[in-house]
Every structure is written in structure tokens, then in C-alpha cells.
Amino acid sequence: PPPCGAAPRGSSAPARRNPFSSLDNAPRAAGTPQPLERAWRPPADGYSLAASFWQLLEPVCEDKPTRRAEPSERTDILTLTDDLHSPAAVSEVPSSPKHEFPADWSIKTRLLFMSSQPFTWTEHLKAQEEAQGFAQHCRAIETNLPQSLQEPKLSTELRCAFQQSLVYWLHPSLPWLQLFPRIGADRKIVGKASPWSQDEDLQQVLMSDWSVSFTSLYNLLKTKLCPYFYVCTYQFTVLFRAAGLAGSDVITAVISPTTRGLREAMRNEGIEFSLPLVEESKSRKQKNSEVNLETEGANSLEVGNSMEGGEEPAPSDDDDDESFSWLEEMGVQEKVKKPDAISIKLRKDNHEVQMDHKPQSLALVKGTNTFTLLNFLINCKSLVAVAGPQAGLPPTLLSPVAFRGGTMQTLKARSTNAKARVRLAYEDIFSLEIVGPIMPHSLHALTMLLKTAQRGAFSGVFYTHEPTAVFNTDLDDACPALNEETVHKDLPTCGLHPKTLDQLSQRPTLRKSSIRFLEMKDYAYTWKS
């Protein structure tokens, strides 16, 4: 008889394979080290050193980015930093090297800078250096540093300027609660003490105090003593900018995201506003329709391709009349019943609701209407949640300068170093992590210090609070042309460094995206958004 397990004679069954014969060709599990001769390949780009360090830093970082797949050896740092709060895809093509990067009006929640030079100059500030940094911030003292420093750790001026760049102002201040971000923050606030949630008298006191602080900020903005500030509610964020910033010659306020109910309430209060992204989409649709009028199918395709991010075109009164023009050409217009006014209104309402809570719902308020918006927000009952963990909690005010009722806060900074394998050797990689509500002026101030201390060579990964990325939309069609003399004569008293002011006065160029990666080489910037 045949041996046990063997196929009988004359059988067509294949012979059994050795179950251990394919081990050498089996795919390796994630994390299994490769043989030395296969472990290194020439780097595909300039980010290999940073990517290696990011892998080492992951276990100790908060809010670790998630991965959809195990990164390959050619994966760069942009793939490794797909943050939970940054779902937008990163552009594959970096910008050309420039001496300045564009203004980014989004609020960052975390920055991770990396360099081959240590960040020891940010560690263990002396009491005198810390106090001097606070004084320089409050007095808006400008710090001008040389292009490079031989010993950054020994530079008191650099260390004081670093402390100065970390300062921001907040209201309300409740140390046991994280008050930014507010959108989607219920999970982090739930379970924390909130004695005002069931006490209406206490809620009124908090809102009264908040109204005083909000009005103080607007008055500072109007007199150009405050460049900008944010109002962060549990549903939307408002960015107020002084005249002279973002290419506008008047005060502007941008709100995102909005809903149909909020827009209707603003109209009822007499607030004039526009929807720039909806109008831009509608304009592109009209141009494409004119160009491709010959073929209806091609026209529909062009209109679909012109919509970015799944935007819905805004309905108009003309669309309904034009949609039946082809019936008139065929001579059957009278035989087909046109929809009545109610049906047309319902269709328009459906289009308007579809863009709710989306970036294209951004609303722009400018000029004197911003003061009406101020009063509207102060008296708006839906500004504060009535249920849930944020019930009764006033919106968060964030400002780069002091204001009535504001509390001085500082961003959290931490420097680390590690060894990462690059080619066949281990090299030191140094990092500086900044956590908190990082506003545009802080980002620019930090890069100016890094430019000097790191000798013109560093890189950074930025984590954006996504609802604020749309604030980088260019509003040039909706805003008057900027008079540069206004910026240089009036705004220098707003507390920002002149170079930061020059950057923020330029028109936004990032559209609805934000900077995700920034690199400096030989004192020139490249970035990806």
C-alpha cells in the first residue's frame, strides 16, 4: 500500500507540497527587519532623514497619525504624517524655492520641526529670559537677529524672542478644560466639571463677561491695534481681520462653515454678506457653458470637472427659465407643464442645504457690516450649545494681542533628539514640537527664529484645524484693492513684527488648502499644501 498521506497509484491528485518550502518567499510581517544588504536603498527624495526620525518619535507623540498601509522605504514624511485632523491630500509637487512662504490663515494644532542642528536653545529658559520674553510681547518690541549664530544656546536675545513667539491671549480661561478646538471637542470635554451647564444665572454672567471681551477685541481691531482674532464656537469659526490684511482695504470677517439657518438669521438682521466660493463656482459654470454650448454632453462634463471637492453649483432664477428654452425651440412648450414657483423654491432650498457644513459655505462680511455681525453674534442664542458637554460654554476668543478679559497663555514646546539609520550609519536627528492653537503670526515668528538658529536648514510638518483651512481663500473679487501705504502707516502699531505684517498683508494664495510641510534649504523655502 502507498505510504500514509501519499496519493494512491493511478490517481491524478497532485503530490503534496512541503509546507515549509515557501517560507523563504513568504511576505515578511510588518516591522520585521530586512537583511542588511536589502535594508537600504538610495533615498527617493530629501525627506528620508526626517521620515526615519518620525518613526522613532511616534511612541511618545500625542495624537499619533493613523496609517492606512505600512509605509515603504520610498515613503516620505508627508505620507507618514496623515493626521486625524488633516484628512486633505497633500500636493505631490513642492513649490519653487522662495525667500518667504505664503500667509496661512488656518489655525495649526501642532508643529513638528526637524533639523540636523540641535534645538537646545529652546530648553530650560532662565527666569529672567522668560520674564523678558513676556515683557517684549506686551510692549511689542521688535527683535532683529543676524542671519546665523555660532552658539544659539548662549544667545539670550534668541531665547527671549522664542518665549515671546509662544505667547497668545485667550478668553474664557478655564484651566481644567481644553478650549480649542471647539468643533468636535465634545469627546475631550465630556466628564469635566461644568457647573454652568445647569445654572442659567451663571451662564448669563459668563456670556456678559464674554460680550465685554468680544467688544474689546473688535474695538482694538477697528483702531488697528489688533491685527486679527478668531471666534471659535462649537459649530463654526469666525476670523476678523483688520483693514490692510489679506489684500483688503476694509475690515473683513469670514465665517466657516455656515448653515442655511445661520445665513437666514444674518439676512434677517440686515447683515450684507457674500458666498465667494459659491459665486466663483457659478461663474466658472457659466463660462464653461458658453464655451461648450455646442455639445450638451461635453458641456455637462466641463461643468462637472469645474466643481472642486464635490461643490454644488448655486441655483439661480435664470437657470429655471433657461432649462425650458429647448422646449420652445421644439414647439412643444405649451404641452409640457412647467414647475410652479413652490417647486422651484424647494429645489433652490435643497441646493442651499446641500452646501451646509461644507467649506464652500464660507460667508464673507466686510466693512461696516462687521459691526452689525458683532451685535448679531452677541445676541445670537444658537451661538452657545444648549445641550451636551459644551452646554452654556461661551465661544473661545483667540488673539495675538492683549484685550479686556483676555488671559495670557503660552504654546507648549518640547525638544527631543534621537538616532536614526541613514544609509549604513546612524545619525542624530533633532526635533522641536509646538502644541496649542498656533495662529499665523506665531508660525511666522517661529520660522524666523529657526532660520537664524538652525543656519537656514530645517523642515516642519504642520497639523491644521481643518475647518479653518478655507480661510486661505482669496477674496480679491469681493474686496477693494489694497493701498500699501495703509499697511505701512497704520498697522505697525498692531503688535506684529514688520516682516510678519508684510506676509499677512499679501493676498492669500493657498485657496482652500493650508501648508502641511515646510522646508528651508540654504535660506530658501519650499512647501507642500
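Residues numbered from 1 in each chain as written. Predicted model: local features only at pLDDT ≥ 70, side-chain atom pairs only at ≥ 80, totals over all residues. Heavy atoms only, no water.

Colleague: Any chance you could explain the overall build of the protein here in plain terms?
Modeller: Secondary structure summary: the protein contains 17 helices and 13 strands in total. Looking at the 529 residues of the protein, the share that counts as buried comes to 46%. Taking the contacts inside the protein whose residues are at least 6 apart along the sequence as the reference set, 78% of them involve residues at least 24 apart. As displayed, the protein offers around 28100 Å² of accessible surface, 52% of which is attributable to carbon and sulfur atoms. (Helix = DSSP H or I, 4+ residues; strand = E, 2+ residues; numbered from the N terminus. Buried < 20%, exposed > 50% of the residue type's maximum accessible area, 1.4 Å probe, protein only. Contact = heavy atoms within 4.5 Å. Areas by Shrake-Rupley, 256 points an atom, 1.4 Å probe, with all protein chains shown as cover.)

Colleague: When you look at the packing of aromatic side chains in this model, what are you seeing that I'm missing?
Modeller: Where two aromatic rings form a pair, the distance of their centres and the angle of their planes describe that pair. In total, this model carries 15 aromatic pairs according to the counting rule given. For the ring pair Phe214 and Phe229, a centre distance of 6.1 Å and an interplane angle of 80° mean the geometry is edge-to-face. Residue Phe214 is located in helix 7 (residues 200-222), and its partner Phe229 is located in strand 3 (residues 228-232); the two are separated by 15 residues in the primary sequence. Considered together, Phe214 and Phe229 belong to a single accessibility category, that of buried residues. Plain terms: the ring middles of Tyr218 and Phe240 are 6.2 Å apart, the flat faces sit at 85° to each other, and that makes the pair edge-to-face. Placement of Tyr218 in helix 7 and of Phe240 in strand 4 (residues 237-241) is noted, with a sequence separation of 22 residues between them. With respect to class, Tyr218 is no different from Phe240; both count as buried. Put simply, the rings of Trp210, Phe214, Tyr218, Phe229, Phe240 and Phe371 touch in pairs and so form one group of aromatic residues. One cation-aromatic arrangement involves Arg110 over Tyr463; the distance from NZ or CZ to the ring centre is 4.8 Å. Taking the ring centre of Trp105 as reference, the NZ or CZ of Arg241 above it sits at 4.8 Å. (Phe/Tyr/Trp six-rings, centres within 6.5 Å; stacked < 30°, edge-to-face > 60°. Lys NZ or Arg CZ within 6 Å of the ring centre and 35° of its normal.)

Colleague: What is the right way to read the sheet that holds strand 13 (residues 524-528) from this model?
Modeller: Neighbouring strands of a sheet are bound in pairs by backbone hydrogen bonds; such pairs are parallel or else antiparallel. On the basis of which strands lie adjacent, the open sheet formed by six strands has the order 9-10-1-11-12-13 and antiparallel pairing. Looking at the sheet topology across the chains shown, the edges are occupied by strand 9 (412-422) and strand 13. Averaged over all pairs of adjacent strands, the angle between strand axes in this sheet comes to 20°, irrespective of strand direction. In terms of strand pairing, strand 9 meets strand 10 (residues 425-438) through eleven bridges, oriented antiparallel. (Pairing = 2+ DSSP bridges. Axes fitted to C-alpha atoms, helices over the stretch in contact; angles between N-to-C directions.)

Colleague: Please clarify how the sheet that holds strand 6 (residues 363-366) should be interpreted in this entry.
Modeller: Judged by pairing direction, the sheet is antiparallel, and its seven strands sit side by side in the order 6-5-4-3-7-2-8 without closing on themselves. Two strands close off the open sheet at either side, each with one partner strand: strand 6 and strand 8 (407-410). The average undirected angle you get between the axes of adjacent strands in this sheet is 25°. In this fold helix 7 packs onto strand 2 (167-171), strand 3, strand 4 and strand 7 (396-399), with an angle of close to 155° to the strand it touches most, strand 3.

Colleague: Teacher, can you tell me more about the pairing of strand 13 here?
Modeller: Remember that side chains alternate between the two faces of the sheet whenever the strand is regular. Counting buried positions along strand 13 gives five out of five residues, so the element sits mostly inside the fold. Burial of the side chains of strand 13 extends over both faces: Ala524, Thr526 and Lys528 are buried on one face and Tyr525 and Trp527 on the other. Pairing geometry for strand 12 (residues 517-521) and strand 13, over five bridges, is antiparallel. For Glu519, the partnering residue across the bridge sits in strand 13 and is Thr526.

Colleague: In this structure, what is going on with the side chain of Ser213? I would like to understand it.
Modeller: Assignment of secondary structure puts Ser213 in helix 7. Overall, the relative accessible area of 0% leaves Ser213 in the buried class. Those residues within four positions of Ser213 in sequence are excluded, and the remaining contacts are His171, Leu397, Phe403, Arg404 and Gly405.

Colleague: Which parts of the structure should I look at to understand the pattern of salt bridges?
Modeller: If charged atoms from side chains of opposite charge come close, those side chains can pair. Within the structure shown, the criterion is met by eight salt bridges. The shortest N-O distance in the salt bridge between Arg414 and Glu433 comes to 2.7 Å. Pair noted here: Arg414 is in strand 9 and Glu433 is in strand 10, with a separation of 19 residues, a long-range link. Classification of Glu433 as buried rests on a relative accessible area of 8%. With a closest N to O distance of 3.7 Å, Lys521 and Glu519 form a salt bridge. For Lys521, a relative accessible area of 46% corresponds to the partly exposed category. Note on Glu519: relative accessible area 11%, which makes it buried. Salt bridges sharing partners connect three or more residues here, namely Arg110, Arg414 and Glu433. (Salt bridge = Lys/Arg side-chain N within 4 Å of Asp/Glu carboxyl O.)

Colleague: Hey, could you run me through the nonpolar core in this one?
Modeller: Formed by 92 residues in total, the largest nonpolar core has its most connected members in Trp105, Tyr230, Phe240 and Leu373. Among the elements that line this core, the one with the most residues is helix 7, at seven residues. Residues within four places of Leu373 in sequence aside, it is in contact with Val238, Phe240, Ala253, Ile255, Met266, Ile271 and Val365. Leu179, Ile189, Trp196 and Leu393 belong to the second largest nonpolar core, which has seven residues in total. (Core = buried A, V, L, I, M, F, W, Y, C linked by side-chain atoms within 4.5 Å.)

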